[in-house]
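Chain and residue survey
Letter by letter, the chains look like this.
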Amino acid sequence: FPRKGILEFFEMKTGDLTPEPWVPANVSSYTSVNWNIEKAFGAIRGVYDAIRGEGGFSQMLERQISDPWGVDFEEDVIGGLDGRFSIATWVEPPARINSQTNLFAFKLKDASRAQKTFKRIMENFNFFTKTNHRGTTYYSVAIPDDENRPDFIRAPVPCLAIVGDYLMFTDSDRFLKRVLVTKGSNSKGLANQLDYKLIASRIRRQAGRQEPSMISFSRPEEILKSLYELATKDSTLDALSRGAEDNPFFRVLNRAVQDSPLPPFEEIAKYLSPRGAMTISDETGLHTISFTLKRN
């Protein structure tokens, strides 16, 4: 689609999209995009100012973010971003409804300068806990324990850190620690995995002479496996059986599970294949292609 007005927010540029060395080999999905930060920020400013008046956006930023954070948000934060943005997901064991965790990473132009800005911002918030792991300092927010929280629900642990030349945010401290281990060791990350290489090769063929501005890779098997393990756990089946005593829906579901148990996961996995996607940005707009590898 062509970019116009607020759609300029999606202005992309070309650049390296190889998974970073810190991306763990067993992530369930990975997406990376080279974003034109200046145009995107300008598009938001233009729309906001058109509604609230000239200069309204800058005043809002100063009042809502810059002053409370103790920094110049536009210069110190937005101006410090390189434009590359990556998202990785990982299934945190044991299997729970919300086992899938997310990590958002923003590449920085100058990591040492960003560290000073980051530290200054963190000093304005007293609800973060400062922790050091493998030489990297990160800030986390511990969610209070809730004795009523079912064991099939994960307690998120939001974390912020600068790792190498990336600003990262994740809802799992275990995922962040896995990223730090991957970065600090000689273990092979996602870029060296066979299934990712197959997807990357297909993307290069589809792109031809053009260079993608965004690529995406996913393993449906990883996500479905977690749900399968949750559905077949004894505790889940016991809870379903108890719920069936006074709930018609659970009664029907429980009877279906009893009469037709799930096949071994290996049988289901035969029909699951890695998926890929790419987006090319040119003068006519954005063009996206997605595909799934065919299993033998």
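Use the structure listed above.
Description of the structure in this document. All chains use their own residue numbering, which begins from 1 and follows the written sequence. Reporting in this predicted model follows two pLDDT cut-offs: at least 70 for local features of residues, and 80 or more for side-chain atom pairs to be given and counted; totals over whole chains, interfaces and linings ignore these cut-offs and use all residues. Excluded from the side-chain calculation are hydrogens and water; included are all heavy atoms of the structure.

With respect to the side chain of Asn-254
Elements are defined by DSSP. Helices are runs of H or I of four residues or more, strands are runs of E of two residues or more, and each kind is numbered from the N terminus. Residue placement: Asn-254 occurs in helix 9 (residues 248-259). A relative accessible area of 14% places Asn-254 in the buried class. In what follows, residue pairs with any heavy atoms lying within 4.5 Å of each other are defined as contacts. In this structure Asn-254 touches Leu-240, Ser-241 and Ala-244, once residues within four positions along its chain are discounted. Only protein chains enter the area calculation, which uses a 1.4 Å probe; residues under 20% of their type maximum are buried, those over 50% are exposed, and those in between are partly exposed.

Details of the pairing of strand 3 (residues 100-108)
When DSSP finds at least two bridges between two strands, those strands are taken to pair. Pairing of strand 2 (residues 81-91) with strand 3 involves eight bridges; the strand directions are antiparallel. Bridge pairing links Trp-90 to Thr-101 in strand 3. With five bridges joining them, strand 3 and strand 7 (residues 166-170) adopt antiparallel strand pairing. Bridging across to strand 7, Leu-103 finds its partner in Thr-170.

Considerations on helix 2 (residues 56-69)
How far a helix is expected to stretch is found by multiplying one less than its residue total by 1.5 Å. The end-to-end C-alpha distance of helix 2 is 19 Å, a good match for the 20 Å that 14 residues give at a rise of 1.5 Å each. Note that the bend at a residue is defined as the angle between axes fitted to the seven residues ending at it and the seven residues starting at it. When the local axis directions of helix 2 are compared, the greatest deviation, roughly 45 degrees, occurs at Glu-62. Buried within helix 2 we find Gly-56, Phe-57, Met-60, Leu-61, Ile-65 and Ser-66. Residues of helix 2 that are buried in the fold lie against helix 1 (37-52) and helix 3 (73-77). A positive backbone phi angle near 75 degrees is found at Gly-70, which sits one or two residues after helix 2.

Examining the nonpolar core
By convention a nonpolar core is built from buried Ala, Val, Leu, Ile, Met, Phe, Trp, Tyr and Cys residues, the set being connected through side-chain atoms within 4.5 Å. One finds Trp-22, Leu-103, Met-168, Phe-175, Leu-176, Leu-190 and Ile-215 to be the most contacted residues of the largest nonpolar core, which totals 32 residues. For this core, the secondary-structure elements that each account for two or more residues are strand 2, strand 3, strand 6 (159-163), strand 7, helix 5 (173-183), helix 6 (194-207), strand 8 (214-218) and strand 9 (275-282). The biggest single contributor to this core is helix 6, with five residues. Every residue in contact with Trp-22, bar those within four places of it in the chain, is listed here: Ser-86, Leu-103, Ala-105, Tyr-166, Met-168, Val-179, Thr-182 and Lys-183. Ranked by size, the runner-up nonpolar core spans 21 residues in total, among them Ile-37, Leu-61, Ile-65 and Leu-81.

Considerations on the environment of Arg-149
By the element assignment, Arg-149 lies in the loop between strand 5 (136-140) and strand 6. Considering only alpha carbons, one finds Arg-149 and Cys-159, ten residues apart in sequence, at a separation of 21 Å. What Arg-149 contacts, discounting residues up to four positions off in sequence, is Ile-143, Pro-144 and Ala-155.

Considerations on the sheet that holds strand 4 (residues 129-133)
Across the sheet, which stays open at both edges, the ten strands sit in the order 4-5-6-7-3-2-1-8-9-10 with antiparallel pairing between neighbours. Across the chains shown, the open sheet's two edge strands, defined by having one partner strand only, are strand 4 and strand 10 (285-292). The average angle at which neighbouring strand axes cross in this sheet is 15 degrees, direction not considered. Here strand 6 pairs with strand 7 via five bridges, running antiparallel. The residue bridging Leu-160 from the neighbouring strand is Phe-169, located in strand 7. Axis lines are fitted through C-alpha atoms, for helices just across the contact stretch, and the angle between N-to-C directions can take any value from 0 to 180 degrees. Across the sheet, helix 7 (residues 220-232) lies against strand 2, strand 3, strand 8 and strand 9, angled at about 40 degrees from strand 2, the strand it touches most.

So, to be careful, I would describe these as geometric facts and stop short of saying anything about function.
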